[in-house]
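Here's the letter readout for the chains.
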Number of protein chains: 2
Amino acid sequence: MTDYAIVCICILSSKANKFVNAQEISIESGISLSTVQKILKLIVSKSDLIIALRGANGGYKLTKKASEISIIDIIEMMDGPLSITACVDGNHEKCGSRKKCFLEGNWNKINLMIRNTLHSYSIADLMCSDPMSFLYNNKSSEDEFNIMELR
Amino acid sequence: MTDYAIVCICILSSKANKFVNAQEISIESGISLSTVQKILKLIVSKSDLIIALRGANGGYKLTKKASEISIIDIIEMMDGPLSITACVDGNHEKCGSRKKCFLEGNWNKINLMIRNTLHSYSIADLMCSDPMSFLYNNKSSEDEFNIMELR
DNA sequence: TTAAAGAGTACTAAAAAAGTACTATATAAT
DNA sequence: ATTATATAGTACTTTTTTAGTACTCTTTAA
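Heads up: these notes are all about the structure in this document. (Residues numbered from 1 in each chain as written. Chains lettered and ligands numbered in written order. Predicted model: local features only at pLDDT ≥ 70, side-chain atom pairs only at ≥ 80, totals over all residues. Heavy atoms only, no water.)

Focus: the nonpolar core
Among the nonpolar cores identified, the biggest contains 72 residues, and I71(A), I74(A) and I74(B) are the most heavily contacted of them. Setting aside its immediate chain neighbours within four residues, I71(A) contacts I6(A), L118(A), Y121(A), S122(A), I123(A), L126(A), W107(B) and I110(B). (Core = buried A, V, L, I, M, F, W, Y, C linked by side-chain atoms within 4.5 Å. Buried < 20%, exposed > 50% of the residue type's maximum accessible area, 1.4 Å probe, protein only. Contact = heavy atoms within 4.5 Å.)

Below is the structure:
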């Protein structure tokens, strides 16, 4: 579902400033119409990333540029807060072996790093076919570091 | 399940060089005996991380030190290769909108970074209660960088 | 020889995810 | 105003995945 959401957003971003309806997105993406419809209305209701226009010639439109939408935004919008294990962050109550859990806050660190990674990638990065192009884009130095790590 | 696996491995590492049976681990962890049994035999069959001894006084023992077991090893042993989306790496056939998929190899980069993060953490790091202690441990410079990123 | 412990497999149940269908609401064009 | 078109919202069904359980077989130490 999150995959689909990202694909839909990519398509919308490739036709920015224009309302694109669910059927067009379905055809472009190969995702079934009903699924596209479901995902788009979900995104609209859960975020301000997309605005919708009803009625004839209606459709969906992104409110931000592709470079301003980070992967983590979409993932967390679809799946809720990122957490690898049950007892990350606020979820400590659900950890059955609470007192015995000596892992404590260490998961949080790992989690934070992964969030960081996902945060540093935008939809624009995903759509870009030149794997190195974001080296010379206007990205923060934090992001540049991550690129070094890729090797 | 992967959570459980990590907890079991942590317990084993706290009693290294000694065979610990499933029941002990169940009691220590709070995880039900049958689940502990299931996980441990799974780990034995899928990796060489743990060796088992049958019969009286039998049990399980780690083959490596906690600092030598990375989180990614356990996660990928339990869940298979890490991939956020369906069309990462070898999975390109399963991506329905293959030709239309303009995301191509970009997911792989993100994936690689996340693997990298998880690779840089060991069971020892997880068990360590001092959040900064791995700064002065014998870890690679690559890992040190990751710590910086945490702030 | 016996009791204890893991190995392997098959089955069941529960939870999550995905997909579908239907009704309501809004909008543009006529 | 009316109609056609498009999204909003919700409820339901199906499928898939995950988790948990039970049983039989094999190994090992006392």
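Side note on the environment of F19(A)
Residue and element names in this part refer to chain A. Inspection of the secondary structure puts F19 in the loop between α1 (2-14) and α2 (22-29). Residue F19 is classed as partly exposed on the basis of its relative accessible area of 27%. Taking the C-alpha atoms as reference points, F19 and G58, 39 residues apart in sequence, are found 6.2 Å from one another. (Helix = DSSP H or I, 4+ residues; strand = E, 2+ residues; numbered from the N terminus.)

Side note on the side chain of S70(A)
All names here are of chain A. Secondary-structure assignment places S70 in the loop between β2 (59-62) and α4 (71-79). You can call S70 buried: its relative accessible area is 6%. Aside from chain neighbours lying at most four places away, what touches S70 is L118, H119, Y121 and S122.

Some details on the packing of α4(A) against helix α5 (residues 106-119) of chain A
The relative placement of two packed helices comes down to the angle between their axes together with the axis-to-axis distance. Residue and element names in this part refer to chain A. The interhelical angle for the contact between α4 and α5, taken along N-to-C directions, is 120°, at an axis separation of 6 Å. Taken together, the axes of α4 and α5 are oblique relative to one another. Packed against α4, whose contacting residues are I71, I72, I75 and E76, the element α5 presents R115, L118 and H119 at the interface. Each residue belonging to the contact of α4 with α5 can be placed in one class, and the counts come to four nonpolar, one polar and two charged. (Axes fitted to C-alpha atoms, helices over the stretch in contact; angles between N-to-C directions. Parallel < 35°, antiparallel > 145°, perpendicular 65-115°, else oblique. Nonpolar A, V, L, I, M, F, W, Y, C, P; charged D, E, K, R; others polar.)

Observations concerning the protein's contact with DNA strand D
As a matter of local geometry, DNA strand D sits amid 23 residues, with A22(A), K41(A), R54(A), M1(B) and K38(B) nearest to it. Within 4 Å of the protein, atoms of DNA strand D come from sugar and phosphate in 68% of cases. G55(A) places a polar main-chain atom, nitrogen or oxygen, 3.0 Å from a sugar or linking oxygen of DNA strand D. The backbone of A56(A) places a nitrogen or oxygen atom 3.3 Å from a base oxygen of DNA strand D. Mapped by element, the contributors of at least two residues to the surface near DNA strand D are α3 (33-46), β1 (50-53) and β2 of chain A together with α3 (33-46) of chain B. The residue makeup of the surface near DNA strand D, split by class, is nine nonpolar, 10 polar and four charged. (Near = heavy atom within 4 Å. Polar contact = N/O pair within 3.5 Å; in protein donor to acceptor, adjacent residues only side chain to side chain.)

Some words on the protein's contact with DNA strand C
Surrounding DNA strand C, one finds 22 residues, the nearest of these being M1(A), K38(A), K41(B), R54(B) and Y60(B). A share of 68% is what sugar and phosphate atoms reach among the atoms of DNA strand C within 4 Å of the protein. Within the backbone of G55(B), one N or O atom sits 3.1 Å away from a sugar or linking oxygen of DNA strand C. Note that a phosphate oxygen of DNA strand C is positioned 2.9 Å from one of the side-chain N or O atoms of Y60(B). Its residues assigned to classes, the surface near DNA strand C comprises nine nonpolar, nine polar and four charged.

Observations concerning the pairing of β1(A)
All names here are of chain A. Pairing between β1 and β2: four bridges, direction antiparallel. Within β2, the position partnered with I50 by the bridge is L62. As consecutive antiparallel partners, β1 and β2 are separated by five residues, and within that stretch G55 has a phi angle of approximately 80°, a positive value. (Pairing = 2+ DSSP bridges.)

Some words on helix α5 (residues 106-119) of chain B
Within an α-helix, residues lying three or four positions from one another point in the same direction, as the helix has 3.6 residues per turn. Residues and elements named next belong to chain B. Compared with an ideal rise of 1.5 Å per residue, which puts 14 residues at 20 Å, α5 spans 20 Å between its outermost C-alpha atoms and is within 8% of the ideal. Counting buried residues in α5 gives 10 out of 14 residues, a clear majority hidden from the surface. Of the positions making up α5, those classed as buried are N106, W107, K109, I110, N111, M113, I114, N116, T117 and L118. (Expected span 1.5 Å × (residues − 1).)

As far as function goes, none of this settles anything; it's purely spatial.
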